[in-house]
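So the chains spell out like this:
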Amino acid sequence: MEEVKNIIDKLSCPLLVNDYETITMSHGGGGKIMGNLIDKMILQFLSNDFINEKHDGAVFLTDGHRLAFTTDSYVINPIFFPGGDIGELAVYGTVNDLSMCGAKPLYLSLGLILEEGFVIKDLEKIIISVKNACERTGVKIITGDTKVVEKGKGDKIFINTAGIGIVKDDINISPSRVEEGDVVLLSGDIGRHGIAIMTTRENLDFESKIKSDCAPLNDIVQKLLESGIDIHCLRDLTRGGLGSALNEIASKAKVEIEINEIHINVIEEVKGICEILGFDPLNVANEGRFIAFVKKKDAAKALKILKEEEDGKYASIIGVVKKKSLKIENGKKENGIVILKSILGTNRILDMLSGEQLPRIC
Amino acid sequence: MKFLDEYRDSEKAKKLIEAIHRRVSKNWNIMEICGGQTHSILKYGIDELLPKEINLIHGPGCPVCVTPIEKIDKAIEIASNQNVIFCSYGDMLRVPGSHTDLLKIKAQGFDVRIVYSPVDAVNIAKKNPEKEIVFFAVGFETTAPPNALAIFMAHQQGLINFTELVSHVCVPPAIKAILDSINNRVQGLLAAGHVCTVMGFKEYEDIAKRYKIPVVVTGFEPLDILQGIYMCILQLENDINIVENQYSRAVKREGNVKAREIMNEVFEICDRKWRGIGEIKDSGFKIKVKYEEYDAEIKFGLEDYSIEESKECKSGLILQGLIKPVDCSVFGNKCTPEHPLGATMVSSEGACSAYYLYKEKKLQ
């Protein structure tokens, strides 16, 4: 233990060691502070070729088969929300992470952490929801674990799922394949999940009909793959929204991505509530949307496939990969940048959020 | 709920920009007072579309930024109390005090809650009679009426476990302080639309007259700001100094009389320290003696003290419009939104933070 402490003390990690002696909510917000925690602590100790890819899951070879493996934990409040619940979220989230690796999802594990006093009837609803989500996506829960913690040591129910899928030999989807000239597609309108959650939290008296976009993405990804389009990279939008997803890829692929604001669809109601709270829809969470990077020649075909989906009305081409960017910033190499062309035609940086979005005063 | 897209229409924006270009004949310094306007200007790149003759100076209208560090420390002191539920608007939580911030206090297990209205805090007080509920009442004239209303409601309901930590500021005295400064470069003002929804703009008529300066009450969307600038330029070019109302869909000359009544019932004018600027006479609201039992500083026996801030931070000069964020030597290196050294980097509406967010990498 002492040895570990010494190692931690020696790490040159100003943000973590000096500024944060404890974990704050920002460390899980999907922004820069979380990115720093992952880069400067987790990857510092656990670095290897797979995890360093920082993709939604890892793809590895075993006995001639290429498998994708991923895990995700679900700690959402409220557990039942307009358009979904924690059960289906836990299945779709992991199915989607596997899909983003180009995998066909096969098997999931289900870990339940239940709080003393949690209503059994609610648990049953959630398990039924897990079952339905599995049937819809064609996956099976093949192993699991259940733990109970004392009242106050959890929040009703936390779920962890891990998943395995199989990746065909000719598929190679990864941020490192993103190249100059690639076109960026967005599978639909953004911000619905985050706003649906916000508006149902007990301390916000909005009357809203917004439903979460929570949905599985395995079918649509399979359709794209089967169409013969060479997909360079996929990323589902979760915490931190479109802004974080684009920045993660720009940074990993070391490219400049130019996005046109006018082509990013946000439904009126989401736009309105974001305006009231001082949120930018580009940073609001989603659970059923993704971005795809394809060669320019494939873009129109990919868009057509996306638009044919039930919820694909708002799918659009939102931008292009401009160039490999390797600027020098304060003596450090700048690893990637996202430029947003505003509705007025001006360019600005679309940066990653620092921590969480916080509602503003006025 | 169509109220945004019309005010973000690129064709209409282009026409306004062309009109501004046609009308400008000399150099003009225009200050947009409100941080929300600064944010829109940088977010939409409005400054880049204007003729080079127009220099936009970013004013002191960000309530989060100008809240004194001592007040943040007091908030942290109160919130670090097992018996307290500390309620605040979200964006105050990340503002650094001398040693820590409210988010970190929350992480230590103290009960710090984001609320969307002070009335929510009153309701929390009703539900938790065994706890002390403290609301962090910050902001300009825009948030003063609801914050006053919360105290009024608590009083009427006989709640004895609700107080407010008040750090309210008023715009006109700060504007006068800037215009009175010997270094003043401001020649035209875009007044903060939302503040004027409450206050109206009679008090700006005195400013326009006394300082011979055009004032345009302006909204926050790109078209609002462009139209505000256009109206201001027309006045400047024609040597007119009056108050005009661009934001007439929300602002009336007399403002919101009812809102001011409740504000005046509970609050009275006081001298107030502005972070980065210093004390300005008659520039704040405090709780009247009649309602002092709702004053958290009295209830928790907090004494006044003064803290020296980072000497490297130039936020005072920035808030007065004397320099731009990028002119500060620590901007973007020692001072970032993750490690703010001073007022204007802490809130997303602060000028430094807005520059960092939307422009920083381009300027490298």
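Higher on the page you've got the structure.
Here goes a summary of the coordinates provided. The structure displayed is predicted, hence computed values, not measured ones. (Residues numbered from 1 in each chain as written. Chains lettered and ligands numbered in written order. Predicted model: local features only at pLDDT ≥ 70, side-chain atom pairs only at ≥ 80, totals over all residues. Heavy atoms only, no water.)

Some thoughts on the overall build of chain B
Stated precisely, the cut-off is as follows: Elements are defined by DSSP. Helices are runs of H or I of four residues or more, strands are runs of E of two residues or more, and each kind is numbered from the N terminus. When we talk radius of gyration, it's over C-alpha atoms, and the globule rule is simply 2.2 Å times the number of residues to the 0.38. Type-normalised accessible area, obtained with a 1.4 Å probe on protein chains alone, sets the label of each residue: buried when under 20%, exposed when over 50%, and partly exposed for intermediate values. Two residues qualify as a contact provided that any one of their heavy atoms is within 4.5 Å of a heavy atom in the partner residue. Accessible areas in this description were obtained via Shrake-Rupley with a 1.4 Å probe; residue shielding takes into account the shown protein chains only.
Secondary structure summary: chain B contains 17 helices and eleven strands in total. For chain B, the C-alpha radius of gyration of 21 Å lies close to 21 Å, the compact-globule estimate for 364 residues. The principal-axis extent of the C-alpha atoms belonging to chain B is close to 65 × 45 × 45 Å. Burial analysis of chain B (364 residues in total) assigns 60% to the buried set. In chain B, once contacts between residues fewer than 6 apart in sequence are set aside, the share between residues at least 24 apart is 78%. In the form shown here, chain B has an accessible surface area of approximately 14,400 Å², with 50% of it arising from carbon and sulfur atoms.

Some details on the nonpolar core
Put simply, the test is: The set of buried Ala, Val, Leu, Ile, Met, Phe, Trp, Tyr and Cys residues whose side-chain atoms join them within 4.5 Å is what this entry labels a nonpolar core. Delimitation of the domains relies on an automatic or database domain assignment.
With 64 residues, the main nonpolar core has Phe162(B), Leu189(B), Tyr204(B) and Phe267(B) as its most contacted residues. Composition of this core by domain shows at least three residues from each of domain 1 (8-32 + 46-57 + 172-238) and domain 2 (65-170 + 255-299) of chain B. Ignoring anything within four residues of it in the chain, the contact list for Leu189(B) reads Met31(B), Ile33(B), Ile175(B), Leu179(B), Ile207(B), Ile213(B), Pro214(B), Val215(B), Val216(B) and Cys232(B). Membership of the second largest hydrophobic core comes to 35 residues, among which are Val178(A), Val255(A), Phe293(A) and Leu350(A).

Points about a nonpolar patch on the surface
Residue and element names in this part refer to chain A. Stated formally: Grouping into patches uses exposed residues only, defined as over 30% relative accessible area, and leaves out salt-bridged ones; the cut-off is 9 Å for like charges and 5 Å for nonpolar side chains (Val, Leu, Ile, Met, Phe, Trp, Tyr). One side-chain nitrogen of Lys or Arg within 4 Å of one carboxyl oxygen of Asp or Glu is enough to make a salt bridge.
Residues Met41, Ile42, Phe45, Leu46 and Ile51 make up a contiguous nonpolar surface patch of about 410 Å² in total accessible area. The biggest single contributor to the nonpolar patch is helix H3 (residues 32-46), with four residues. Given a relative accessible area of 34%, Ile51 falls into the partly exposed group.

Remarks on the sheet that holds strand S2 (residues 65-74) of chain A
Residues and elements named next belong to chain A. Rules: For two strands to be treated as a pair, DSSP must find at least two bridges joining them. Every axis corresponds to a line fitted to the C-alpha atoms, with the helix fit spanning only the stretch in contact, and the corresponding angles, defined between N-to-C directions, vary from 0 to 180 degrees.
Overall, mixed pairing links the five strands, which are arranged S1-S2-S7-S5-S6 in an open sheet. The two strands at the open ends of the sheet, each matched to only one other strand, are strand S1 (58-62) and strand S6 (140-149). Neighbour-to-neighbour, the strand axes of the sheet open up by a mean angle of 20 degrees, direction not taken into account. Across nine bridges, strand S5 (residues 104-115) lies against S6 in parallel orientation. Bridging across to S6, Ile113 finds its partner in Lys147. Packed onto the sheet, helix H5 (residues 86-99) meets S2, S5 and strand S7 (157-167) and runs at close to 145 degrees relative to S2.

A look at the state of the cysteines
Residue and element names in this part refer to chain A. As a reminder, the rule being used: Cysteine sulfur atoms that come within 2.5 Å of each other are treated as a disulfide pair.
Per the stated rule, a full pass over the model turns up zero disulfides over all chains. Of the cysteine sulfurs around Cys134, a residue in no disulfide, the closest is that of Cys214, at 13 Å. Given the relative accessible area of 8%, Cys134 is considered buried.

Notes on the packing of aromatic side chains
Residues and elements named next belong to chain B. For the record, the criterion: Two rings from Phe, Tyr or Trp (for Trp, the six-membered ring) form a pair when their centres sit within 6.5 Å of each other. Planes less than 30 degrees apart are called stacked, planes more than 60 degrees apart edge-to-face, and all others tilted.
In the structure shown here, the tally under the stated rule is six aromatic pairs over all chains. Between the aromatic rings of Phe86 and Phe136, the centroid separation amounts to 5.8 Å while the plane-to-plane angle is 65 degrees, which identifies the pairing as edge-to-face. Taken together, the positions of Phe86 in strand S3 (residues 84-88) and Phe136 in strand S5 (residues 132-139) put the pair 50 residues apart, joining distant regions of the chain. Judged by its relative accessible area of 0%, Phe86 is buried. Under the relative-accessibility criterion, Phe136 is labelled buried at 0%. For the pair Phe220 and Tyr247, a centre-to-centre distance of 6.0 Å together with 80 degrees between the ring planes defines the contact as edge-to-face. On the criterion of sequence distance, the pair formed by Phe220 in the loop between strand S8 (215-218) and helix H12 (222-237) and Tyr247 in the loop between strand S9 (243-245) and helix H13 (257-266) is long-range, its members being 27 residues apart. Tyr247 shares its class with Phe220; the two are buried.

What about the environment of Asp72(A)?
Residue and element names in this part refer to chain A. Applicable threshold: In protein, a polar contact means a hydrogen-donor-capable atom and an acceptor-capable atom, both N or O and within 3.5 Å, with residues adjacent in sequence counting only if both atoms are side-chain atoms; elsewhere, any N or O pair within 3.5 Å suffices.
Mapped onto the elements of the fold, Asp72 is located in strand S2. Placed 26 residues apart in sequence, Asp72 and Leu46 show a C-alpha to C-alpha distance of 17 Å. Apart from the residues lying within four places of it in its own chain, the contact partners of Asp72 are Thr94, Asp97, Ile159, Asn160 and Thr161. One polar contact links Asp72 to Tyr74, side chain to side chain, over a distance of 3.4 Å.

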